[in-house]
Amino acid sequence: MSAHRRPFPTRWLAAGGAAALAGIIGVALLLQTGGSACAAPPSTSTKTGKATFYELGGTTGNCSFEVPADDLYVALGPEQYAEGASCGAYLDVTGPKGKVRVKVFDSCPECPAGHLDLSRTAFKKIGAEVDGIIPIKYKLVTNPATPGPITVRIKEGASRYWFAARIDNHGNLLSSVQVAAPGGSFKSAHRTDYNYWLIDGGAGSGPYKIKITDVYGNATTVSGIDMDPGTVQKTSKAFTGGSTTVVEKATTTSPSPTRTKKSSPAATKPAAVSPPASLVAPLPESAAAAAPSTTEDALVALAAGETTCD
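Residues numbered from 1 in each chain as written. Predicted model: local features only at pLDDT ≥ 70, side-chain atom pairs only at ≥ 80, totals over all residues. Heavy atoms only, no water.

**Q** How should I be thinking about unusual backbone geometry in this particular structure?
**A** With the exception of glycine, the majority of residues adopt a negative phi angle, and the majority of peptide bonds are in the trans configuration. Backbone torsion omega between Gly206 and Pro207 reads 0°, so that peptide bond is classified as cis. By the secondary structure assignment, Pro207 is in the loop between β15 (197–199) and β16 (208–214). For Ser64, which is not a glycine, the phi torsion comes out positive at approximately 65°. The residue Ser64 is located in the loop between β4 (47–54) and β5 (73–76) in this model. The residue Asn195 is not glycine, and still its phi comes out positive at about 70°. Mapped onto the elements of the fold, Asn195 is located in the loop between β14 (190–191) and β15. The exposure class assigned to Asn195 is buried, which follows from its relative accessible area of 1%. (Helix = DSSP H or I, 4+ residues; strand = E, 2+ residues; numbered from the N terminus. Buried < 20%, exposed > 50% of the residue type's maximum accessible area, 1.4 Å probe, protein only.)

**Q** I tried to follow the pattern of salt bridges on my own but got confused; where do I start?
**A** Enumeration over the complete set of coordinates arrives at seven salt bridges. Between Glu66 and Arg166 there is a salt bridge, with the nearest N and O atoms lying 3.0 Å from each other. Remark: Arg166 occurs in strand β11 (residues 163–168) and Glu66 occurs in the loop between β4 and β5; sequence separation between them is 100 residues. Between Lys124 and Glu129 there is a salt bridge; the shortest N-O distance is 3.9 Å. (Salt bridge = Lys/Arg side-chain N within 4 Å of Asp/Glu carboxyl O.)

**Q** What exactly am I supposed to notice about the pairing of β11 here?
**A** Side-chain direction in a regular strand flips from residue to residue, so the side chains alternate between the two faces of the sheet. In terms of burial, β11 is largely enclosed, as six of its six residues are buried. Covered by surrounding structure in β11 are Phe163, Ala165 and Ile167 together with Ala164, Arg166 and Asp168, the residues of both alternating faces. In the sheet, strand β10 (residues 151–154) pairs with β11 via four bridges, with the strands oriented antiparallel. Paired with Thr151 across the strands is Asp168, a residue of β11. As paired strands, β11 and β15 are joined by three bridges and run antiparallel to one another. By the bridge assignment for β15, Ala164 is matched with Leu198. (Pairing = 2+ DSSP bridges.)

Right, here's the structure in full:
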């Protein structure tokens with residue numbers, strides 16, 4: 001296990017757990033040869049599955065986000081979590097009682113594709129808690145509204161020699177993050193499965209410019225990001241909603257506290273930990289020029305349809 005990897009939280013699944021569920025979603029297969037891969041582009045088509053619920057205990061989830069203020073979040077199985085590439089996206093989930101929008105926040109190691117593990121709060125909005133497992137329909141949201149502007153959090157232990165940053169409130173799936181120190185050129189970061197973007201050789205002492213590009217080719221550059229580990233630095237404008245380039249000065253806020261766990265009616269399953277892996281997929285043609293580094297494959301996470309490779 002990497003020294004910087006966040007451990008999987010213990011998961012509690014309702015009414016029998018994932019073993020009884022079949023993956024009912026059509027998932028784009030990831031084909032990988034010689035380090036390259038291809039997958040279907042992001043799809044907003046409606047997919048079918050089932051949902052359970054859980055609550056956190058002493059953790060912020062594998063995406064390393066603070067718990068959303070509305071407590072509406074979802075954990076995805078390995079195929080859909082896609083080594084962290086789905087973190088920060090939003091899904092609209094419809095159940096027997098209605099619809100809820102949830103943020104991709106966590107990983108559920110034992111969940112097959114199509115099994116969404118919701119927060120208890122989210123689950124209760126669309127189903128009866130006593131049912132434990134409910135049928136659902138869900139889809140990826142494009143350009144969702146976010147609760148605030150882009151934020152950047154430099155990881156504890158980072159320095160001018162090892163850069164690590166978490167990007168939040170981006171809404172759409174991200175394809176690349178690049179970082180530049182004063183007077184320097186942009187360096188490409190790579191994303192970990194705990195949703196921090198790393199530059200192993202560092203990016204200098206800052207303050208930094210960070211260029212963020214999503215899978216649709218929208219690009220935003222934020223500036224004034226300090227080497228201030230553990231602090232959430234807030235910029236002044238949202239990212240989603242259209243192609244834009246902005247330069248923003250960061251402000252700082254304190255990180256949110258974690259929560260204690262309340263068990264839901266199920267057995268505890270051990271969390272399987274996989275080593276970090278880079279999942280690579282081509283961008284849509286219109287976005288290719290805007291994102292100079294490769295795209296991690298959140299597309300296999302949330303897309304349905306055929307996969308074709310040249």
